[in-house]
Amino acid sequence: MTMTAPAAKMKFAPFAEVFTAPPDPILGLTEAFRNDPNLNKVNLGVGVYLNEKGIVPVLSSVHEAESRLLTQETTKTYLPIDGDANYNRRVQTLLFGENSALVAEGRAVTLQALGGTGALRVGADFLSRFAGGASVYLSDPSWENHAQIFEFAGFDVKRYPYYNAETHALEFSAMMTSLEEAKSGSIIVLHACCHNPTGADLTQEQWDQVVLLFQKRELIPFLDFAYQGFAVGLEEDAYAVRLFAQAQIPYLIANSFSKSFSLYRERVGALTIVGTNAEEANRVLSQVKRDVRSNYSNPAAHGAQTVAIILGDPELRSLWESELTGMREHIRTMRVRFVEELKARGVEQDFSFILRQSGMFSYSGLTKDVVLKLREQGIYIVDSGRVCLGAIHESNVGTICAAIAEQLGESVEC
């Protein structure tokens, strides 16, 4: 017997007042890009690395590890709440080094997370329960999603000065003054390297001063470490992470392997929390596992186990490090090509500051008006002018620079 729903109009409409949310400034831009019929369109908004064919590559090291995983896998049962134990150990070694005293003492606990974003959110949820009265400070500017993550977790989000758009340089003195005034116990989100969106990083000497300030003011560091290996190298890029470890400061680290392993869709990351001793760290772990359990219960296996295989095999690790070096050097080469191409096309505006930046991104200095006009030509850049250098390659750099030169009032044939 077929049941027919009553035709009467429902009076109960609990979602009637829900308003349409504004599009995400980055992912919304990607949607517009996909809908653009321009065959020469370029997306410089989303943070992904593209090879010369214009696609996100599957690394050879990843392909081999996945092949091994398929032959070795014997079960599809759930992972533990905190994820794959082998993966978590490999993450700690990558973060803190082979002979870390912190790891040996058991002061660090690591949970596999759903990418760097998932790690940030789980960390934010934990902090909201045990440091909920504190404010969260973000760099000005910072990654677009940082504010939303911490606001949704219930925090009052504030900003500390970081970047001067006019000088294209770090505002270190203003940053330190602002953090000096932060209330003890405040949570400070720091980009360990490859600052997103500006590309402007602290020097090692400046990190030394930051750590001393955190000790003095008793601030809580939360390091976003999504780009290890994309600035100088795996060891060099971990300087800030290891400096806080040496300083005996309790802190949190959200790291991601989306970029360094080109595993964007696998959502592979980790949350690491460092306590004052092993007993405290284990208590913290027990509570963070509750946050995971009430959210997504436990993570997926494939991406993390792929990373663990690579990090645990000397031959595959060597291959991966070579591929990572190739991506990093390619981005540096494209920085040079971008600056030189603009100059060759007669652009008088000085873009040489881009050569001093690190990682996948640059605060280009392009105004919103120019950015909007560039979209009409199929060049998609976020309103702030942040450009993803990882998406530039020899096949599109000419198209990009020609469009920028035209909008800046120059148009010289190259």
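Cut-off values and rules
Positions within a chain are numbered from 1, following the residues in the order the chain's sequence is written. Per-residue local features of the predicted model are confined to residues with pLDDT of at least 70, and side-chain atom pairs are confined, for both listing and counting, to 80 or more; whole-chain, interface and lining totals are unaffected and use all residues. The side-chain numbers reported here are obtained from all heavy atoms of the structure, hydrogens and water having been left aside. Note on aromatic contacts: the rings of Phe and Tyr and the six-membered ring of Trp form a pair at centre separations within 6.5 Å, being stacked when their planes are under 30 degrees apart, edge-to-face when over 60 apart, and tilted otherwise. Numbering of helices and strands runs from the N terminus, with a helix taken as a DSSP run of H or I at least four residues long and a strand as a DSSP run of E at least two residues long. Residue burial is assigned from relative accessible area. The probe radius is 1.4 Å, only protein chains are included, and a residue is buried under 20% of its type maximum, exposed over 50%, and partly exposed in between. Geometrically, a charge over a ring is one whose NZ (Lys) or CZ (Arg) sits within 6 Å of the ring centre while staying within 35 degrees of the ring normal. We define a salt bridge as a side-chain nitrogen of Lys or Arg found within 4 Å of a carboxyl oxygen belonging to Asp or Glu.

Trainee: Help me get a handle on the packing of aromatic side chains, residues and values and all.
Mentor: Enumeration over the complete set of coordinates arrives at 14 aromatic pairs. Plain terms: the ring middles of F33 and Y380 are 5.7 Å apart, the flat faces sit at 80 degrees to each other, and that makes the pair edge-to-face. Of this pair, F33 sits in helix α1 (residues 27-35) while Y380 sits in strand β12 (residues 379-380), and the two are 347 residues apart along the sequence. Centre to centre, the rings of W207 and F244 are 6.5 Å apart; their planes meet at 75 degrees, and the pair counts as edge-to-face. Within this pair, whereas W207 is found in helix α8 (residues 204-217), its partner F244 is found in helix α10 (residues 239-246), the two being separated by 37 residues in sequence. You'll find W207 and F244 in the same group, each marked buried. Through successive ring pairs, a cluster of aromatic residues spans Y87, F257, F261 and W320. It is K41 that lies over the ring of F33; its NZ or CZ is 4.8 Å from the centre.

Trainee: Explain the pattern of salt bridges to me, using residue names and the numbers behind them.
Mentor: Opposite charge on two side chains permits pairing when their charged atoms draw close. As enumerated under the stated definition, the model contains 15 salt bridges in all. With its nearest N and O atoms 3.0 Å apart, the salt bridge here joins E64 to R68. One end of the pair is E64 and the other is R68, both in helix α2 (residues 60-72) and four residues apart, which spans about a single turn. On the basis of relative accessibility, which here comes to 33%, the residue E64 falls in the partly exposed class. Taking the shortest distance from any N to any O, the salt bridge between E341 and R337 comes out at 3.1 Å. Separated by four residues within a single helix, E341 and R337 lie in helix α13 (residues 314-344), roughly one turn from each other. The exposure class assigned to E341 is buried, which follows from its relative accessible area of 11%. Exposure remark for R337: the relative accessible area of 22% places this residue in the partly exposed category. The network of salt bridges with common partners includes R337, E341, R345 and E394.

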